[in-house]
Amino acid sequence: MSGALAGVDAFMVRVEVDLAKGLPCMHVVGLAESAVREGRERVLAALANAGIELPPRRAIVNLAPADIHKSGTAFDLPMALGLLVAAGWIEPSALAATCVIGELGLDGEVRPVRGALSIADRCRVEGITTMLVPEANAQEAAAVGGMNVIAVPSLQATIAHLTGRVPIPPVALHDAGGISVSTSFNLDYADVKGQAVARRAVEIAAAGQHNLMMVGPPGSGKSMLARRIPGILPPLRAAEAIEVTKVYSVAGRLRAHQALVSERPFRAPHHTISDAAMVGGGGLARPGEVTLAHRGVLFLDELPEFRRGVLEALRQPLEDAVVVVGRARAVITYPASFMFIAAMNPCPCGYYGSGSTPCICSAMQVQRYVARVSGPLLDRIDLHVSVPPLPAHELSHGGESESSAVIRQRVESARQCQLHRYRETQGVFSNGQLGAREVRRFCAIDVAAERRLEQAVRVLGLSARAYHRVLRLARTIADLAGEDAIHRDHVLEAITYRNVDRSALRTAH
């Protein structure tokens, strides 16, 4: 038994080997792609260099189920062991209830492969109790728990283990590689002077996993605020850590001997990124930036500079928290539940409405610049906040700012309230994940607050989606205040985060 990947999940593959009469050769069948078919050369060379001489037979290797495409190099080791079983070198019982993955070097070295955690998780579901994996993937596979993970360094060592000559003990999960989360961050909000409104918006966004856009001139601190968000987010829960690690394992981004990703991802792609690199796809349908940011933060600086197609491709993951990549061979679904943080200047030169530096842009240039970000995308962003330039005296003589550790305590307290509130709601862990039905159930407001919200909808021209997002924001503001009920003041504050530079946006759209 072996395993293959379909998105971030895995399915089991039975590696069948038959030695038949005929000219000595080796054929791999079962919708195997080129990397799998090329494995026959690696397998035969590794066996020869290990001093193993196969009988002069016609070898057929079938990868079942035969109607699903298989890719990657994880089938090298199981194919080699299948040949050895067929040739009588290894007893079939030695591989009972065992899954085998690993790429072979020509000298017999067993090299790491992508997706070991996903395959191990699938093995656990299927009742497979033992895995033979490359040494570099051993901690990752052992993180699933409840399995005997055998780290094999080479084909020779694997044979010695299976024949009982030199048994290899199961791997123990290192404490340092587990799900404990570091709370020491290099970037701290104590370094940020002023910007009380923007800091408040960042705290609300972190407390409820809301999307945030900051608008301000160059040097006002937008990027500084965004890059410190991971330092105030709550630690990954055990289930979240496994989800994130699956993504990074499938993408081939785990370090050797790493068990689980221990901190929330922070992704900040350049504005020249392509559509496929952002949402996933390409020839191999690899995860994109929105999936690499799963359970973490996706930060797009200079938002209007991104290509229109890239920005429009964000609409589905922002709404559904998944990305569906359709290809001729398969349709793959990747997870994409992330906090979306965007920053942009108010105009091409950056100084429109700043007051400190005159803007050199015409009204048409400002309108075209703002129009690069579509209304439907803006509608999916919960908080719009202005980040004005700071006066020089505030930079040099401003008081001490709150540290990330202090803010994180409030954020974690609010998140705990949400975990408790939604403990019986499938797939919901924070206010930012609430759908329309859950908003009606958990975000009830009194008559006075309802009247204010209806007025805001009329004046600001808010859509039905924006209406629900205001209620979700108000729910988070109430959680930060330790209130069970949503009051009028909570709704009023939430409305203010939909009113930043609204005139410019209305003109453009």
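This is a predicted model, so every value here is computed, not measured.

The rules behind these values
Along each chain, numbering runs from 1 in the same order as the chain's sequence is written. pLDDT decides what is reported in this predicted model: residues at 70 or higher carry local features, side-chain atom pairs at 80 or more are listed and counted, and totals for whole chains, interfaces and linings draw on all residues regardless. Only heavy atoms go into the side-chain values, all of them from the structure, while hydrogens and water stay out. The buried label applies to any residue whose accessible area, calculated with a 1.4 Å probe on protein chains only, is under 20% of its type's maximum; exposed applies above 50%, and partly exposed to all values in between. We count a stretch as a helix when DSSP gives it H or I for four or more residues in a row; a strand needs E for two or more, and each element gets its number in order from the N terminus. What the arc covers is the set of directions going from the helix axis to the C-beta atoms. Following DSSP output, two strands are said to pair if at least two bridges run between them. Lines fitted to C-alpha atoms define the axes here, with helix axes fitted over just the stretch in contact, and angles between the N-to-C directions of these axes take values from 0 to 180 degrees. Contact between two residues is taken to exist if any of their heavy atoms lie within 4.5 Å; hydrogens are not considered. Throughout this description, a polar contact denotes any pair of N or O atoms lying within 3.5 Å of each other; where both atoms belong to protein, one of them has to be capable of donating a hydrogen while the other can accept it, and for residues adjacent in sequence the pair is counted only when both atoms sit in side chains. Aromatic rings from Phe, Tyr and Trp, taking only the six-membered ring of Trp, are treated as a pair when their centres fall within 6.5 Å; an angle between ring planes under 30 degrees marks them as stacked, one over 60 as edge-to-face, and anything in between as tilted. Here, a salt bridge means any side-chain nitrogen of Lys or Arg that lies within 4 Å of a carboxyl oxygen of Asp or Glu. Crossings are assigned a handedness: left-handed for a near helix turned anticlockwise from the far helix by less than a right angle, right-handed for a clockwise turn. Side-chain classes follow a simple rule in which Ala, Val, Leu, Ile, Met, Phe, Trp, Tyr, Cys and Pro form the nonpolar group, Asp, Glu, Lys and Arg form the charged group, and the remainder, Gly included, forms the polar group. What sets the label is the angle itself: under 35 degrees gives roughly parallel, over 145 gives roughly antiparallel, 65 to 115 gives roughly perpendicular, and the rest give oblique. Within a predicted model, pLDDT stands for the predictor's per-residue confidence, ranging from 0 to 100.

> Any chance you could explain helix 14 (residues 363-370) here in plain terms?
Think of an α-helix as turning once every 3.6 residues; residues three or four places apart then point the same way. Among the residues of helix 14, Val366, Tyr369 and Val370 are the ones counted as buried. Taken down its axis, helix 14 places every buried residue within 90° of arc, on the same side.

> How do you make sense of the sheet that holds strand 4 (residues 58-64) when you look at a structure like this?
The strands that make up a sheet pair up through hydrogen bonds in the backbone, lying either parallel or antiparallel. Sheet architecture is open: four strands sit in the order 1-2-4-3, paired in mixed fashion. Unpaired on one side and paired on the other, strand 1 (2-6) and strand 3 (25-29) mark the two borders of the sheet. Averaged over all adjacent pairs, the angle separating strand axes in this sheet is 25°, with direction ignored. Along the sheet, helix 3 (residues 76-86) makes contact with strand 1, strand 2 (9-20), strand 3 and strand 4, crossing strand 2 at roughly 35°.

> Any chance you could explain the sheet that holds strand 12 (residues 297-300) here in plain terms?
Read from one edge to the other, the open sheet built from five strands follows the order 11-12-15-10-16, with strand pairing classed as parallel. A strand with exactly one partner marks an edge of an open sheet, and here the two such strands are strand 11 (266-267) and strand 16 (383-386). Judged from the two bridges that link them, strand 11 and strand 12 form a sheet pairing that is parallel. Note on strand 12: the bridge partner recorded for phenylalanine 266 is valine 297.

> Where do I start with the environment of arginine 498 in this structure?
Within the secondary structure layout, arginine 498 lies in the loop between helix 21 (488-496) and helix 22 (502-508). Exposure remark for arginine 498: the relative accessible area of 0% places this residue in the buried category. Along the sequence, arginine 498 and phenylalanine 266 sit 232 residues apart, while their C-alpha atoms lie 25 Å from each other. Ignoring anything within four residues of it in the chain, the contact list for arginine 498 reads Leu378, Asp379, Ile381, Asp382, His384, Leu460, Leu462, Ala466, Arg469 and Val470. There is a polar contact of 2.5 Å between the side chain of arginine 498 and the backbone oxygen of isoleucine 381. In terms of polar contacts, arginine 498 uses its side chain to reach the backbone carbonyl oxygen of aspartate 382, at 3.2 Å.

> Would you explain the pairing of strand 12 in this entry?
Side chains on a regular strand alternate between the two faces of the sheet. The side-chain alternation of strand 12 yields two buried faces, one formed by Val297 and Phe299 and the other by Leu298 and Leu300. In this structure, strand 12 lies alongside strand 15 (residues 339-344), joined through four bridges in parallel fashion. Directly across from valine 297, in strand 15, lies its bridge partner methionine 339.

> When you look at the side chain of serine 249 in this model, what are you seeing that I'm missing?
Within the secondary structure, serine 249 is located in helix 9 (residues 238-250). Within the structure, serine 249 has its side chain in polar contact with the backbone nitrogen of alanine 116 (distance 3.3 Å). Those residues in contact with serine 249 that sit more than four places away from it in its chain are Arg114, Gly115, Ala116, Leu117, Glu140 and Leu254.

> I keep staring at the packing of aromatic side chains and nothing clicks. Help me out?
Working definition: an aromatic ring pair is given by the centre-to-centre distance plus the angle between the planes. Applying the stated criterion to the full structure yields two aromatic pairs. Relative to phenylalanine 299, the ring of phenylalanine 266 lies with its centre 6.2 Å away and its plane at 35°, an arrangement referred to as tilted. Linking phenylalanine 266 in strand 11 with phenylalanine 299 in strand 12, this pair joins segments that are 33 residues apart in sequence. Overall, phenylalanine 299 belongs to the buried group, its relative accessible area being 1%.

> Is there a simple way to think about helix 6 (residues 155-162) in this case?
Counting buried residues in helix 6 gives six out of eight residues, a clear majority hidden from the surface. Every buried residue of helix 6 is accounted for by Leu155, Thr158, Ile159, Ala160, His161 and Leu162. Residues of helix 6 that are buried make contact with helix 2 (39-49), helix 3, strand 6 (103-104), strand 7 (110-111), strand 8 (130-134) and strand 9 (148-152).

> What am I meant to see in unusual backbone geometry here?
Backbone geometry follows two general trends: most residues other than glycine have a negative phi, and most peptide bonds adopt the trans configuration. With an omega of 5°, the peptide bond between alanine 64 and proline 65 qualifies as cis. Its location among the elements puts proline 65 in the loop between strand 4 and helix 3. Despite not being glycine, glutamine 195 has its phi angle at roughly 55°, a positive value. Overall, glutamine 195 belongs to the buried group, its relative accessible area being 8%. The phi dihedral of glutamate 302 is positive, around 55°, even though this residue is not glycine. Here glutamate 302 is to be found in the loop between strand 12 and helix 12 (308-312).

> Hey, could you run me through the pattern of salt bridges in this one?
Between side chains of opposite charge, a pair can form as their charged atoms come close. One pass over the structure, following the stated rule, counts 29 salt bridges. The salt bridge partner of glutamate 109 is arginine 111, with a shortest N-O separation of 3.3 Å. You can call glutamate 109 partly exposed: its relative accessible area is 36%. Of the charged contacts in the structure, one is a salt bridge between arginine 200 and glutamate 493, with a shortest N-O distance of 2.8 Å. Taken together, the residues span a long stretch of sequence, with arginine 200 in helix 7 (residues 196-208) and glutamate 493 in helix 21 at a distance of 293 residues. Taking the relative accessible area as the measure of exposure, arginine 200 reaches 27% and is therefore partly exposed.

> What is the right way to look at the packing of helix 7 against helix 17 (residues 404-421) in this model?
When two helices pack together, their arrangement is given by the angle between their axes and by how far apart the axes lie. Taken N-terminus to C-terminus, the directions of helix 7 and helix 17 make an angle of 35°; their axes are 8 Å apart at the nearest point. Seen along the crossing, helix 7 lies across helix 17 with a hand that is right-handed. Across from Arg199, Glu203, Ala206, Ala207 and Gly208 in helix 7, the residues of helix 17 making contact are Ile407, Arg410, Val411, Ala414, Arg415 and Gln418. Considering only residue class, the contact of helix 7 with helix 17 consists of five nonpolar, two polar and four charged.

> Help me out: how do you make sense of the packing of helix 19 (residues 447-460) against helix 21 in this one?
At their nearest, the axes of helix 19 and helix 21 sit 8 Å apart, and the two run at 15° to each other. When the axes of helix 19 and helix 21 are compared, the pair comes out roughly parallel. Note that helix 19 runs across helix 21; the crossing there is right-handed. Each of Ala448, Ala449, Arg452, Leu453, Ala456 and Leu460 in helix 19 lies in contact with helix 21, whose residues at this interface are Arg488, Val491, Leu492 and Ile495.

> What exactly am I supposed to notice about the confidence of the model for the chain here?
Do not read the predicted coordinates in detail wherever pLDDT is low. On average, residues of the chain score 90 in pLDDT, and 93% of them are at 70 or above. In the predicted structure, residues 175-184 sits below a pLDDT of 50 and forms 14 contacts with residues beyond four places in sequence or in another chain. Confidence drops under a pLDDT of 50 for residues 501-509, and excluding neighbours within four residues, the segment shows 20 contacts in the predicted structure.

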